[in-house]
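Below, each chain spelled out in residue letters.
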Amino acid sequence: MSSKPFEFNASNLEAWQKAAIKSAPGGDVSALNWKTPDGIIVKPLYTAADTANLPYVNTLPGFEPFLRGPQATMYAVRPWTIRQYAGFSTAEESNAFYRKALAAGGQGVSVAFDLATHRGYDSDHPRVEGDVGKAGVAIDSVEDMKILFNQIPLDKVSVSMTMNGAVLPVLAGYVVAAEEQGVAQDQLSGTIQNDILKEFMVRNTYIYPPEPSMKIIGDIIEYTAKHMPKFNSISISGYHMQEAGANQALEMAFTLADGKEYVKTAIAKGMDVDGFAGRLSFFWAVGMNFYLEIAKMRAARLLWCRIMKGFDAKNPKSLMLRTHSQTSGWSLTEQDPYNNVVRTTIEAMAAVFGGTQSLHTNSLDEAIALPTEFSSRIARNTQLIIQEETHITSVIDPWAGSYMMESLTQEMADKAWAIIEEVEAMGGMTKAVDSGWAKLKIEAAAAEKQARIDSGKDVIVGVNKYKLDKEDAMDSLSIDNVKVRDGQIERLKHIRATRDSAKVQAALDALTASAASGQGNLLELTIQAMRLRATVGEVSDALESVYGRHRADTQKVTGVYAAAYDSAEGWEQLQNEIAAFGDQHGRRPRVMIAKLGQDGHDRGAKVVATAYADLGFDVDMGPLFQTPEECARQAIENDVHAVGVSTLAAGHKTLVPAIIAELKKQGADDIIVFVGGVIPRQDYEMLYDAGVKGIYGPGTPIPASAKDVLEQIKKAVA
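All values derive from a computational prediction rather than experimental measurement. (Residues numbered from 1 in each chain as written. Predicted model: local features only at pLDDT ≥ 70, side-chain atom pairs only at ≥ 80, totals over all residues. Heavy atoms only, no water.)

## Some details on the pairing of strand β14 (residues 642-647)
So, point 1. In terms of burial, β14 is a largely internal element, six of the six residues being buried.
So, point 2. Neither face of β14 is open: one carries A642, G644 and S646, the other V643, V645 and T647, and all of them are buried.
So, point 3. Sheet topology note: the strand β12 (residues 590-594)/β14 ladder contains four bridges and is parallel. Residue pairing across strands places A594 opposite V645, the latter belonging to β14. (Buried < 20%, exposed > 50% of the residue type's maximum accessible area, 1.4 Å probe, protein only. Helix = DSSP H or I, 4+ residues; strand = E, 2+ residues; numbered from the N terminus. Pairing = 2+ DSSP bridges.)

## With respect to the sheet that holds β14
So, point 1. Strand order in this open sheet of five strands is β13-β12-β14-β15-β16, and the pairing throughout is parallel. Two strands lie at the open edges of the sheet, namely β13 (618-621) and β16 (694-696), each paired on one side alone. Averaged over all neighbouring strand pairs, the angle between strand axes comes to 20°, with direction disregarded.
So, point 2. The strands that helix α25 (residues 628-637) touches are β12, β13 and β14; relative to β12, the one it contacts most, it runs at about 160°.
So, point 3. This element, helix α26 (residues 652-665), spans β14 and β15 (672-677) of the sheet and lies at about 165° to β15. (Axes fitted to C-alpha atoms, helices over the stretch in contact; angles between N-to-C directions. Contact = heavy atoms within 4.5 Å.)

## With respect to the side chain of D397
So, point 1. With respect to the helices, strands and loops of the structure, D397 is situated in the loop between α14 (373-389) and α15 (403-425).
So, point 2. We classify D397 as buried; its relative accessible area is 9%.
So, point 3. Side-chain polar atoms of D397 contact the side chain of R298, separated by 2.9 Å.
So, point 4. Apart from the residues within four sequence positions on either side, D397 is in contact with R68, R298 and F353. (Polar contact = N/O pair within 3.5 Å; in protein donor to acceptor, adjacent residues only side chain to side chain.)

## Here's the deal with the nonpolar core
So, point 1. Among the nonpolar cores identified, the biggest contains 86 residues, and F254 and M429 are the most heavily contacted of them.
So, point 2. Beyond its immediate sequence surroundings of up to four residues, F254 is in contact with M201, M241, I419, V423, M429, W437, A438, K441 and I442.
So, point 3. In terms of nonpolar packing, the next biggest core, distinct from the first, is built from 57 residues, M161, V167, I192 and A529 among them. (Core = buried A, V, L, I, M, F, W, Y, C linked by side-chain atoms within 4.5 Å.)

## Considerations on the pattern of salt bridges
So, point 1. Within the structure shown, the criterion is met by 47 salt bridges.
So, point 2. A salt bridge links E92 to R491; the shortest N-O distance between them is 2.6 Å. Placement of E92 in helix α2 (residues 91-103) and of R491 in helix α18 (residues 481-498) is noted, with a sequence separation of 399 residues between them.
So, point 3. One salt bridge connects R587 with D639, and the closest N-O pair in it is separated by 3.6 Å. (Salt bridge = Lys/Arg side-chain N within 4 Å of Asp/Glu carboxyl O.)

## Here we look at the side chain of T526
So, point 1. Relative to the helices and strands, T526 resides in helix α20 (residues 522-531).
So, point 2. Sequence-distant contacts of T526, defined by excluding residues within four places in its chain, comprise L168, P169, A172, L511 and V539.

## Here we look at helix α23 (residues 571-585)
So, point 1. Helix length check: α23 (15 residues) gives 22 Å between terminal C-alpha atoms against 21 Å at 1.5 Å per residue, within 8%.
So, point 2. W571, L574, E577, I578, F581 and G582 are the residues of α23 that are buried. Looking down the long axis of α23, one finds its buried residues gathered within 140° of arc, a one-sided arrangement. Among the exposed residues of α23, those pointing more than 90 degrees away from its buried face are E572, Q573, D583 and Q584.
So, point 3. Against α22 (560-565), α24 (603-615) and α28 (702-717) lie the buried residues of α23.
So, point 4. Where α23 ends, the next residue or the one after it, G586, has phi of about 80°, a positive value. (Expected span 1.5 Å × (residues − 1). Arc of directions from axis to C-beta.)

## Regarding unusual backbone geometry
So, point 1. Geometrically, the link from E64 to P65 is a cis peptide bond, its omega value of 5° lying close to zero.
So, point 2. Residue M74 is not a glycine yet carries a positive backbone phi of 45°.
So, point 3. If you trace the backbone, M74 turns up in the loop between β2 (41-42) and β3 (81-86).
So, point 4. We classify M74 as buried; its relative accessible area is 6%.
So, point 5. Positive phi is not limited to glycine here, since Q151 has a value of about 65°.
So, point 6. By the secondary structure assignment, Q151 is in the loop between α4 (142-148) and β5 (159-161).
So, point 7. Given the relative accessible area of 58%, Q151 is considered exposed.

## Points about the packing of aromatic side chains
So, point 1. As enumerated under the stated definition, the model contains 22 aromatic pairs in all.
So, point 2. With centroids separated by 5.9 Å and ring planes inclined at 65°, the aromatic side chains of F290 and Y291 adopt a geometry described as edge-to-face.
So, point 3. Among the aromatic residues, those joined into a cluster by ring pairs are F290, Y291, F353 and W399.
So, point 4. Its end group placed over the ring of Y46, K43 keeps NZ or CZ at 5.0 Å from the ring centre. (Phe/Tyr/Trp six-rings, centres within 6.5 Å; stacked < 30°, edge-to-face > 60°. Lys NZ or Arg CZ within 6 Å of the ring centre and 35° of its normal.)

Below you can see the structure in the form of C-alpha cells.
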C-alpha cells in the first residue's frame, strides 16, 4: 500500500493552530509560548519554516564555524574527559582522593584550592583563620604541590586548576613540582583558569587591580606558548557568572567578550594570534535550562569563530572553541537532596549534547558541604553511565537539523552578539567591568530569579513544591579547620627554617622590580622564586607592594526583586509591618549584610540585600573580606539592629561565633546576628548556642527570613 508523503505548507500549519486553540488556555495559542530568562520566546511547535533561512544548518563538525563541534568525529572516536573537581583540606587528603578517582574511571585531575590560597595568603596569615582548608586544598609552597601530585604521573594525567588571583605562584608551584617529579614543562598538559575579569564581576577571588592583573595574564600566555605547548594558558569562564545569577545569554556574551579582551592583551605583547589562540579554552556552567544550555554551547562556538576571524586568525585551531563544563552547584538543593542526582544527570546530558570536551559532575550533597566519597562516586558514575551504557556517544551532534534547536541556537547567538556589541561600544570588557555595569547586570538577573522562586512562579521540586513533611538528616563532610591550619603552619615553619633565605629574598626582589618596571616575564621569575621555596603569600606580597590589593565598590540593585515578586501573597503586608516599625521607633529596621573571611561568593548576600531593601529595611552592605573585628566595628558605627552573615565556603563555625564575641566585646551585644547560606543542619545547634538568632539555609524564601528577622529586631528593642 502506498501513501502520499506529508508536505508541510501554510494550510496544514493553520489546521494545527485550529486544533491547538481547542486545548490552549483561553483559546490563545500564544499562551503556550515560553519566555526564557534571556528574553527569547520559545514556541510550542517548530516547523521547517523556522530553519528555512538559517545560514549554518548544513555545516559539519570539525569545520568552520564549528557549530556542530570542534572535532570532526567528536565522541564517536573519543568521548569527553571525565574530571572530578575537588580539594580537601590538606594536600595529603586531596592526593588520596585524586588517586582513588583516577583508579575508578576518572581521566583527569581538577583542583579546588582553599580561599586563603586563592587570595594569595599563606595559611598563617591572621586574615584567613577561618578559611584554611575549608573550601578546597591549602597550598602554601612547592612542598604542598609535591604532596598533592604524589604518585600521579604528570606527564600522563592532565591537570585543571581553578586559580586566578594567586595564579602565578600556584602555576609556578605546579611546574616546579613536576620538574622534581622528573617531568619537563613541555610534557605538561591541562589548564590553568587564569581568568581575572570574571573575578571582578562575580567570584571575587582577585588580588590586584584590573590593569596589572591583565599584565599577569599576558605574561602567562606568553610563557606557556614558548615552554608548555600542551598546556592551556587560560580557561575563560562563564561558569561562575551563571552561578552568580547570569542567564545563558549573559553568561555566553560576557565570557566571549572576556576572551576577546585576553586575545587583545596577548597581541599587544607582540604575539602572533595563531601562536597562542589554539591553547585558549572555555568553561561553561550547565544548569537546568536544558534546551538553552545545548543551544548556548553550539552558539558559542559559532560566535568565537566569528570573533577570531576578526583578529585575522588563520589556523583552524585558533578558530575553534574548546570547553570544559561543570553541572550547576546553585541548582542543587538542601531539601530532598537525592533529587540532586537527577538534576546533575539532566545537566550532564545537556553538556554532552552541547559538545563539551571535558565535564565535572557535582555531587548530591554540595548544597550543604564538600562532597563525601559516597556522593562523589555517584557523580563520577553518572558520566561513566552516559559514556558506557547509553550509546549517546555514537552520534555526533544529534540535535543538528532540529527545527527547534537550530532556531534556538541562532536566537541565542543573536542575543549574545547584541550584548557583545554593547560591551564593545563601552570600550571592551575591562571598561565594562571597571564601571560596575557588567556586575549589576548579573545581580539584577539573580534577584529576578530568586523572586520567581520565592513567589512560586519558578518551581523547584522539594523546595517550593512537592515538599517533604520531614527531611531526613544526611551525612556531610566536615573539615577540622584548626587542625588543617596548624599542620600548614608547621610545614611553613620548616620550609622557612631550611631554605636559603638570602636567595629567596633576591628572587622576590626581582619579582618586585619586574612589576615596577614592566620588564621581564612574571611567570618565569615566579618559577625561579618557587624553586627556592618562596611561598604563595610571599610571591603575592612581592607583587602587592607595587600593584596594591584591589578593593571593590559595594553596589546593589534596587526594585528588581519586588517587581518579580509583587503578586505573591503577604508581600504588601510585610512591607506595612516594616513601615509600622519605622513609625513606632523613629527609624526603619536597619540591617547590615556581611561577608566574613575570604569567601567572595556574594550572590546570596546581594540578592538578600536587594530584597530586604525592596521590603523597606535600611540595608548596609559590608565590604568583602572583612574580619569579625572589622564587621563589628562597622555595624556599631552604622547603628544597625542586626547583622546578617552570608556564608558559602564553610567558614561559619569559626567566623560567626567570632563576630558575636566581637560585638559583645565592643559593647554591642544588643545587635542580633543571623546567618544564611550553605550551612549543614548538624551545625545549627552550635550556632544557636553561640548566640545566633536565625539560620536560613538554602531554599528559604527571602520574605520568610525577613519576617523572622523583623520579629527578632522587635524583641531586641522592646
